[in-house]
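These are the residues of each chain, in order.
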Amino acid sequence: MSLSSLTALSPLDGRYASKLSTLRPIMSEFGYMHRRVQVEITWFIALSDAGFAEFSPLSEGARSYLHGLVDHFSEADAQAIKDIEKTTNHDVKAVEYWIKSKFEARPELLKAAEFVHFACTSEDINNTSHALQIRAGRDQVILPGLDRVVLKLREMAHQYAAVPMLSRTHGQTASPTTVGKELANVVVRLQGAMDRIANVKLLAKMNGAVGNYNAHLSAWPDFDWESFSKNVVEKHEPQGLGLTFQPYSIQIEPHDYMAELFDGIARANTILIDLSRDIWGYVSVGYFKQRLKAGEIGSSTMPHKVNPIDFENAEGNLGLANALLRHLSEKLPISRWQRDLTDSTVLRNIGVATGYAALAYTSLMTGLNKLELNEERLAEDLDNAWEVLAEPIQTVMRRYGVQGAYEKLKEVTRGKTVRAEDLHQLINSLEIPQADKERLLAMTPASYIGKATELAQRV
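What you see is a predicted model, and the numbers here were worked out from it, not measured in a lab.

### A short note on the overall build of the chain
No. 1: A count of helices and strands for the chain gives 20 helices and six strands.
No. 2: For 459 residues, the compact-globule estimate of 2.2 N^0.38 gives 23 Å, and the C-alpha radius of gyration of the chain, at 31 Å, exceeds that figure by more than 25%.
No. 3: Here the C-alpha coordinates of the chain stretch approximately 100 × 55 × 40 Å along the principal axes.
No. 4: Looking at the chain as a whole, 50% of its 459 residues qualify as buried.

In C-alpha cells, the structure reads:
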C-alpha cells in the first residue's frame, strides 16, 4: 500500500494535511535536515574566521555558495541525505557527508573539508537545529495562529460590548454581564499566555560530547572556545544562529526551555478549550446561531441540525496537543547520566504536538467566523430572570443599614419564580432615599451590567 493522504496513519498528514502546509516545511524531517545543514554551514564558516593558520578565511564566492546550500535546500537534497543515511545508519553523519559531497568541484572548500563538523558531537548540531525549528514554529505558526484568534475575539468583544447577557454561575442564573465582556476575559487571558510563549529564550549549546570542549581544546588548547561557541549561537543569521547560548550542559542541552515553552503553549490551549466549551454551550442555548453553508449536513438522520462542529474539533485537537506537549515538557528535561537516547524519538513529535494545536486554532477561527448573535434569545433569558436583581436591592438596603437585607431578599426570591412586581413591591416598602428607590425601580436585568461595557471596550 502506497503512502497517501488516505493511507497516512496520522490525520495530520491525511485528512488535515492541507491545513498544515505552513508547519510542514518547518517541523517535518525535511525541516530538521534543513536546519542541520544550516548549523553545520554556520559553524564551518565561523571556523574559517577564527584565525587558525590551518583554515584561512573563506572567499566571498565560497561563502555565497555555502549560504546557497542553506537558502535553496530542496526535497531532492533531503532525499540525497536520506540515501546516504542508508549506508551510515547515522543521520547527522549523513548530513556531514552530503555537505562534503558538495565541495567536490571546489578546491578551496575541498581543502578545508575536514573542518565540517569539526569537534562537534551530534547533539551540537541536533539541539541547535531543534531550537531553530521551534523558533520558526513558534514565530511563524503558533503565535500567528493565536494572534488571529485574539484579534477576532477582540473585534467581537468591541462589537458586543453593550449587549447584555445573563450570567450563569454553577449553571444557575447570576448577575448579568455582556457578551463582549465575556469575550474580553478570554482576550486578556490569551494575551498573557502569548506573552509568556513569546518571551521564552530558546537555548542552544555547542560544547562537545559532554559539555566541556574536550575535543576542541585537544586541537587548540589556547583558543577561547566558549566565547567562540557563544558567538556562533548568538550572532544574528547568517553569521550565527540567533539563539541564546547555553553554557552548561551534558551531551544534550537540558531542554528546560522546551518544557517552559511547551507548558506555555499548553496553557494557551487550555484557555481555548475553556472558550470552545463555553461557545458550544452558548450555541446550545441559542445565544449564538451559526451561518449555514450550502450543501453542508449536520446529521445523517436529522435534517434540522446545525452542529457546532468547529468548536468540538478545536476542543478535541487542543486536548491531543496538550497531551503531547505535557509529555514533552515532563520527559525532555530528564536524561540518564550524561546522555540517553529517549529524548531523540520524543523530539521528533514536536511537529505532531504543534500540528494539533495549529489545526485547532484553524478550526476555532472557522467556528468564530460562522457565529451570529441572537439578541432576541439573550433578551428573552434576561426577561425571565428578575431574581438576579435581588443582589443590587439588598446591597442598597445594606448601604442604608436596613436590618436583615440579605435574608429578606432570600425569602422573596430563592427557589421561586420572581416577577418584576414582586421586587417593586418590596422596593416601595423600603425606608431608603427616594432617589435610590427610583433607581432600583428603573433597573431591569438587562440594565444591571455594572462596568461590563467599559471593560469590554478597553481590551
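There is more to say, and it comes next.
### Describing unusual backbone geometry
No. 1: For the peptide bond that leads from Glu237 to Pro238, omega is 5°, which places it in the cis range.
No. 2: Along the chain, the position of Pro238 falls in the loop between α10 (225–234) and β4 (244–245).
No. 3: Despite not being glycine, Asn89 shows a phi value in the positive range, around 55°.
No. 4: Here Asn89 lies in the loop between α4 (75–88) and α5 (91–101).
No. 5: The exposure class of Asn89 is exposed, given its relative accessible area of 67%.
No. 6: The phi torsion at His170 lies on the positive side, around 60°, for a residue other than glycine.
No. 7: His170 sits in the exposed class, given a relative accessible area of 80%.

### Remarks on the packing of aromatic side chains
No. 1: Following the criterion strictly, the structure yields 18 aromatic pairs and no others.
No. 2: Arranged with centres 5.7 Å apart and planes meeting at 85°, the rings of Phe73 and Trp98 form a pair that is edge-to-face. In this pair, Phe73 is assigned in the loop between α3 (60–71) and α4 and Trp98 in helix α5, connecting sequence segments 25 residues apart.
No. 3: Given the relative accessible area of 7%, Phe73 is considered buried.
No. 4: Taking the relative accessible area as the measure of exposure, Trp98 reaches 3% and is therefore buried.
No. 5: Here the aromatic cluster, defined as three or more aromatic residues joined through ring pairs, consists of Trp43, Phe44, Phe52, Phe55, Phe103, Phe115, Phe118, Trp220, Phe223, Trp225 and Phe228.
No. 6: Taking the ring centre of Tyr32 as reference, the NZ or CZ of Arg36 above it sits at 3.8 Å.
No. 7: Between Arg106 and the ring centre of Tyr65, over which it is positioned, the NZ or CZ distance is 3.8 Å.

### Points about helix α8 (residues 179–198)
No. 1: The end-to-end C-alpha distance of α8 is 29 Å, a good match for the 28 Å that 20 residues give at a rise of 1.5 Å each.
No. 2: Taken together, the buried positions of α8 are Val179, Gly180, Lys181, Leu183, Ala184, Val186, Val187, Leu190, Ala193, Met194 and Ile197.

### A closer look at the packing of helix α2 (residues 29–48) against α4
In helix packing, the relevant descriptors are the interaxial angle and the interaxial distance, both defined with respect to the helix axes.
No. 1: Where α2 contacts α4, the two axes come as close as 10 Å, and the packing angle between them is 85°. Relative to α4, the element α2 lies roughly perpendicular. Across the interface between the two elements, Glu29, Phe30, Met33 and Val37 from α2 touch Glu75, Ala78, Ile81 and Lys82 from α4.
No. 2: Taken together, the residues of the contact of α2 with α4 sort by class into five nonpolar, no polar and three charged.

### Observations concerning the pairing of strand β1 (residues 164–169)
No. 1: Where β1 meets strand β2 (residues 172–178), five bridges bridge the pair, whose relative direction is antiparallel. Paired with Ser167 across the two strands is Ala174, which belongs to β2.

### Some words on the nonpolar core
What tends to happen in soluble globular proteins is that the nonpolar side chains get buried as a cluster.
No. 1: Among the nonpolar cores identified, the biggest contains 143 residues, and Phe44, Leu190 and Phe262 are the most heavily contacted of them.
No. 2: If one sorts the elements of this core by residue count, helix α7 (residues 122–159) sits on top with 14 residues.
No. 3: Sequence-distant contacts of Phe262, that is, excluding residues within four places in its chain, are made with Ile134, Leu325, Leu328, Ser329, Leu332 and Ile350.

### Describing the environment of Phe118
No. 1: Here Phe118 lies in the loop between α6 (107–111) and α7.
No. 2: Separated by 308 residues in sequence, Phe118 and Leu426 place their C-alpha atoms 87 Å apart.
No. 3: Sequence-distant contacts of Phe118, defined by excluding residues within four places in its chain, comprise Trp43, Leu47, Ala219, Trp220 and Trp225.

### Remarks on the layout of surface pockets
No. 1: The calculated volume of the largest pocket comes to roughly 720 Å³.
No. 2: Around the largest pocket, the lining is made up of 26 residues, and of these Asp13, Arg24, Met27, Ser28 and Glu29 lie nearest the centre.
No. 3: Within the residue set of the lining of the largest pocket, elements represented by two or more residues are α1 (24–27), α2, α4, α7 and α14 (350–370).
No. 4: Residues that form the lining of the largest pocket fall into these classes: twelve nonpolar, nine polar and five charged.
No. 5: Of the pockets and cavities examined, the second largest pocket occupies roughly 550 Å³.
No. 6: Lining the second largest pocket are 17 residues, with Thr173, Glu387, Ala390, Thr413 and Arg414 positioned closest to its centre.
No. 7: Mapped by element, the contributors of at least two residues to the lining of the second largest pocket are β2, α16 (390–399) and α17 (405–413).
No. 8: Here the lining of the second largest pocket is composed, by residue class, of five nonpolar, seven polar and five charged.

Here is what the cut-offs are and how they apply
Numbers given to residues run from 1 along each chain, matching the order in which its sequence is written. Restriction of local features to residues with pLDDT of at least 70 applies here, the model being predicted, together with a cutoff of 80 or more for giving and counting side-chain atom pairs; totals for whole chains, interfaces and linings are based on all residues. Processing note: side-chain calculations cover all non-hydrogen atoms of the structure and skip hydrogens and water entirely. Helix and strand assignments follow DSSP, with helices taken as H or I runs no shorter than four residues and strands as E runs no shorter than two, numbered in order from the N terminus. In this setup the radius of gyration rests on C-alpha atoms only. A globule is expected at 2.2 Å times the number of residues raised to 0.38. Relative accessibility under 20% of the residue-type maximum defines a buried residue, over 50% an exposed one, and the middle range a partly exposed one, all with a 1.4 Å probe and only protein chains included. Working definition: a ring pair exists when centres of Phe, Tyr or Trp rings (six-membered ring for Trp) sit within 6.5 Å. Plane angles under 30 degrees give stacked, over 60 give edge-to-face, the rest tilted. Put simply, a charge is over a ring when the Lys NZ or the Arg CZ is close to the ring centre, within 6 Å, and near the line of the ring normal, within 35 degrees. Given a helix with a known number of residues, its expected span is that number minus one, times 1.5 Å. Angles here are taken between N-to-C directions and fall from 0 to 180 degrees, while the axes themselves are lines fitted to C-alpha atoms, restricted in helices to the stretch in contact. Angles are sorted into four bins: roughly parallel if under 35 degrees, roughly antiparallel if over 145, roughly perpendicular if 65 to 115, and oblique for all others. In what follows, residue pairs with any heavy atoms lying within 4.5 Å of each other are defined as contacts. All residues other than Ala, Val, Leu, Ile, Met, Phe, Trp, Tyr, Cys, Pro, Asp, Glu, Lys and Arg, Gly among them, are scored as polar; the first ten of these are nonpolar and the last four charged. Strands are treated as partners if at least two bridges between them are detected by DSSP. Buried Ala, Val, Leu, Ile, Met, Phe, Trp, Tyr and Cys residues that are joined via side-chain atoms within 4.5 Å together make up what is termed a nonpolar core. Both site types are read off a 1 Å grid over the protein atoms alone. A 1.4 Å probe that fits but cannot get out defines a cavity, while an open set with protein on both sides within 12 Å along at least five of seven lines defines a pocket; lining residues have an atom within 4 Å of a point. Grid points are joined across faces, edges and corners, and a volume is the space filled by probe spheres set on the points.

In short, shape yes, function no, at least from these values alone.
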